[in-house]
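Notes for the structure review
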Amino acid sequence: MCDMTTTSLPIDSAPSHDSSPAPATPATTSRRHRFIRGNDSDPRWVRPALLVLLAGTALLYLWNLGASGWGNSFYSAAAQAGSVNWEAFFYGSSDAANSITVDKTPASLWVMALSVRLFGLNSWSILVPQALMGVATVGLLYATVRRAMDGRTLTRPDEEGNAAATPAPSWSAPTAALLSGAILALTPVAVLMFKFNNPDALLVLLLVAAVYAFTRACEKAGTWWLVAVGALIGFGCLTKMLQALLIVPVLAIIYLIVAPNRLRTRFLQLMAAGLALLVSAGWWIAVVEFMPTGMRPYIGGSQTNSVMELVLGYNGLGRLTGDETGSVVPGGGSNGAGGGVGGMWGETGIGRMFNSEIGGQVAWLIPAAVILGFAALWLTRRAKRTDATRTALLVWGGWLAVTMLVFSFMQGIFHAYYTVALAPAIGAVVGIAAVLLWERKDSVFVGTVMAATVLVTAGWAFVLLNRSSEFVPWLAPVVLILGFLVAFAIATVSFLPPRVAAAVGIAAIIVGLAGPTAYAVQTAASPHSGSIPTAGPTVAGGMGGPGGMRGPGGQGGPGAAGGQNFAPPTGAQGFGGNPPPGLGQMPGSPGTAGTTPGGVTTGRAGGPGGGGAGGLLDSTTPSAALTALLSEDAANYTWVAAAIGSQNASGYQLATQEPVMPIGGFNGSDPSPTLDQVKELVAQGKIHYFIGGQAGGPGGQSGSSAQITEWVQANFTAQTIDGTTTYDLTQSST
C-alpha cells in the first residue's frame, strides 16, 4: 500500500532569482552512488575494483580484435548467410541459398548473424559479440561467487573459550568473487575464445548463467530458478550440443542433497527442470528432424541428412568413442594415427590436460584448484546441509572434475580450445577456497596447505614457462624465486602484522597469475584464424606460433618445435607443410595447366583439382580479379560458385557476399550434393563456377566430391586466375 502522507513546506514570500543549476534529484544521486560505491556494507574498494575488472576484461578482449579478420571463416560465412536470409538464419546454413548447414546447432550463429544485420559484414560485427560475452561471463561469475559467499558466519572461540558465531569479514565475499573473475579473464584459452567466433564463447556464458540460476534455486528451493537452469543448459545444447550436458549430473545430484525442502519435492522440481531443458534444446531439433528433406538444407556433418545423427554421433557419443563417421579422420580413436589411444587427436589419459599442447592453455591453476578445493571442503565438513559456500565448492569442483575427465579420456575429435569450459570452474574453486583458507590463516594446517599450494603453483608455472623458453625468458625464474619467498612468508603469516599479511596474500596472487597473464597478453596481441586456434606462444613439443592455427595431434603450427608445420600463418593459403598422417592431399591442392599472358591460365588441369582453395583448416582470401569474376552477373545465379569443403567456399563467399556452395560440407566428406544433383543444377543454370580442389575430402567418407570433381574436369575448361583454377559451368567443353 502506498504511503499517502504529505508534508507541508513553507512558501517563500518572494520568488527566487537563483540562476544556479538545479541539484541532482535524490533518485539520480542514489543510482550514481550505488554504481560507483556499490553496497553501503561493502568496503569502499569493492565496487571500483569490480569496475576495473570488467573494464580491464573488455579492454583485453577488444584489443587488436580486428587483426583476426574473419576468425573462423567457416562460421563467419554462415553468419553472413543468416544475415541476408531468414531460412539460412534458422537452420545455420553455410550459404544463403541453403545447400547445407554447418556441423553444429546454430545458436551461436544467430548472435553473429543478428550483429551482421545491424552493423554490416565486417570483422568487428563478427567478433565483438564474442568479446562482450566474455565480459558478461566474468561479471556473472563474480555475481555467482559473491552470492554464495555473502552472509556467512564463522565459528570462533569467544573470550571464555566457547564457540561463537561471528559474521565473516566484509572483505571475504567480494575478494573471492573478484579473484574468481580475474582468474577466468586471464586464462589464456579464455582470452582466445572470447576473441574468436567458435561456439564456445556462448556455451561458457550460458553454463555460467545456469550455475548462477542454480545458486538462486538452492537458496529457497525456487522452482522457477531451477527451470531457468534447465532452459539455459538447453540453449547451450543448441550452441554446442551434448557438451552442455556435462554439468547436468553434477547439478542434479547436488540439488537433491542440499535443497532446503522435502526430497519428494526436489525430485519433482528436477523433473520440471529436465522438461525445460528438453523443450529449450529439443524444439529446434524436432522442427529440423521432422521437416521434409526437400524443404530444408542438408544437415552438415551427418551422413544420412539427420540432425539426430549429428547430435548423437559426430558431435555426441562419437567424440567419446572416436567412432565419428564423416570426421577428419574416420575412427579417430582407433586408427592409431598421431600416436596413442587418442589417434591423431593425441594420447588420452589424465595427463592430457597437462601436456605440452594443453598445459599452457588452461592448466596453470588446476593443481592449486585441486589442493585448495579439497582443503576447503575439509574445513566446511561440519557446515549444515544447505550451506551455500560448500554447495558452491561442490558445484564448481564437480564441473571441473567431470569436464576435465571427459576431455582427458575422449578418443574422438579434441582441440585445445575446448578447455575454455574449464576456466570458470578453476577460477571459482580457487577464488572461494583461497579466501576460506585465508580467513583461517592462523591455523598451522591451513598455513601449511597455503604455502604448499604456492610452491606447487610456482613450480608448475616454471615448467609451463620453460616450454616456451624464448617467450619472456626472465619470467620463469622470477616466478619460481618469488614463489619460494611467498611460501615461506605464508607459512609464518600468523606472526605478521595485518598489513604485511595482506601484502603477502597479494604477492601469492601475483605468483599464481604472472604466467597466465603473460600468455593472455600474448594471445590478445596475436591474430588468430582458421578452425583450430590456440592460445599463447610457440611451445616446445606442442603446437603453436602466432596466429594460433595448429594442426591436430600435437603437430606444430608456424615455427613450432617438435611437429610438422602444416598450418599457414594468417593470410596464407592452404597448408604450410605436410598434412597430418592419413589425410592425404588437402582440398585446394594446386593442379597444373598452361599459362597465357595476363596471368590467366587456360586448359585442362593436370591434377585431381586445381587452385588455391584454402584447405581444411582455413579459408583463402581471393584476389580482386577472382572476386570480380565471381561477382559478375551474380544476380543471375543461385550460387556464384561451388567448391569442395566449407572452408574453401567460405573465403569466396565472404569476399563476394554471394552464395557459394560448399560441396561435401566442412570436411568435403558429406554426401551432399550428389553428382546427379549437381548435373541438374548446372543444367538449370544455377551454379556459375566450380573452384578446383582435391576431391573426396580428407575424411574420405563420400565419393560425391570425387565424382563431381572428375565430371567437371571432363566436361568443362579450366582457367587459372591468380593461382586459383576455376571452371565456368555455363561453358561446356564437350
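These remarks concern the structure in this document.

Reading the values: the criteria
Residues numbered from 1 in each chain as written. Predicted model: local features only at pLDDT ≥ 70, side-chain atom pairs only at ≥ 80, totals over all residues. Heavy atoms only, no water. Salt bridge = Lys/Arg side-chain N within 4 Å of Asp/Glu carboxyl O. Helix = DSSP H or I, 4+ residues; strand = E, 2+ residues; numbered from the N terminus. Buried < 20%, exposed > 50% of the residue type's maximum accessible area, 1.4 Å probe, protein only. Phe/Tyr/Trp six-rings, centres within 6.5 Å; stacked < 30°, edge-to-face > 60°. Lys NZ or Arg CZ within 6 Å of the ring centre and 35° of its normal. Expected span 1.5 Å × (residues − 1). Axes fitted to C-alpha atoms, helices over the stretch in contact; angles between N-to-C directions. Left-handed = near helix turned anticlockwise from the far one by under 90°. Contact = heavy atoms within 4.5 Å. Nonpolar A, V, L, I, M, F, W, Y, C, P; charged D, E, K, R; others polar. Pairing = 2+ DSSP bridges. Right-handed = clockwise from strand over helix to strand, strands pointing away.

On to the pattern of salt bridges, then. The full count for this structure, using the stated rule, is eight salt bridges. Where K240 meets D200, a salt bridge forms, and the shortest distance between an N and an O atom there is 2.7 Å. Linking K240 in helix α10 (residues 223-240) with D200 in helix α9 (residues 200-220), this pair joins segments that are 40 residues apart in sequence. Comparing K240 with D200 shows no difference in burial state: the two are buried. In this structure, the salt-bridge partner of R216 is E219, at a minimum N-O distance of 3.8 Å. Of this pair, R216 and E219 both sit in helix α9, three residues apart, roughly one helical turn.

Below, the discussion takes up the packing of aromatic side chains. Counted under the stated rule, the structure contains 22 aromatic pairs. A centroid spacing of 5.8 Å and a plane angle of 70° characterise the contact between F354 and W460, whose relative ring orientation is edge-to-face. With F354 in the loop between α13 (307-321) and α14 (359-362) and W460 in helix α18 (residues 444-466), the pair connects residues that are 106 residues apart, well separated along the chain. Given the relative accessible area of 14%, W460 is considered buried. Through pairs of rings, three or more aromatic residues link up here, namely W86, F89, F90, Y91, W110, F235, W283 and W284. When the ring centre of W378 is taken as origin, the NZ or CZ atom of R381, which lies over that ring, is 3.9 Å away.

The next thing to look at is helix α17 (residues 423-439). In this model, α17 (17 residues) spans 24 Å end to end at C-alpha, consistent with the 24 Å of a helix rising 1.5 Å per residue. Of all 17 residues in α17, 16 are buried; the element is thus mostly enclosed.

Before going further, it helps to examine the environment of L270. Among the structural elements, L270 can be located in helix α12 (residues 263-290). Taking the C-alpha atoms as reference points, L270 and V227, 43 residues apart in sequence, are found 8.1 Å from one another.

It is at 8 Å that the axes of helix α16 (residues 388-409) and α17 come closest, and there the two elements cross at 145°. Both α16 and α17 take part in a crossing whose hand is left-handed. On the side of α16, the interface is formed by T389, A392, L393, W396, G397, W399 and L400, while α17 contributes P424, A425, I426, A428, V429, I432, A433 and L436. For the contact of α16 with α17, the residue count by class is 13 nonpolar, two polar and no charged.

Across the six residues that make up strand β5 (residues 639-644), a large majority, six, are buried. As paired elements, β5 and strand β7 (residues 687-691) share four bridges and run parallel to each other. Looking at the pairing, A643 lines up with I691 of β7. In this structure, β5 lies alongside strand β6 (residues 660-663), joined through four bridges in parallel fashion. In the strand pairing of β6, A643 is matched with P662. Crossover β5 to β6 through helix α22 (residues 646-656) is right-handed.

Each neighbour pair has its own omega, and for S672 with P673 the value is -5°, a cis peptide bond. Its identity as a non-glycine residue notwithstanding, D633 has a phi of 55°, on the positive side. Mapped onto the secondary structure, D633 falls in the loop between α21 (624-631) and β5. With phi around 50°, D722 is a residue other than glycine that occupies positive phi space. Residue classification places D722 among the partly exposed positions, given a relative accessible area of 48%.

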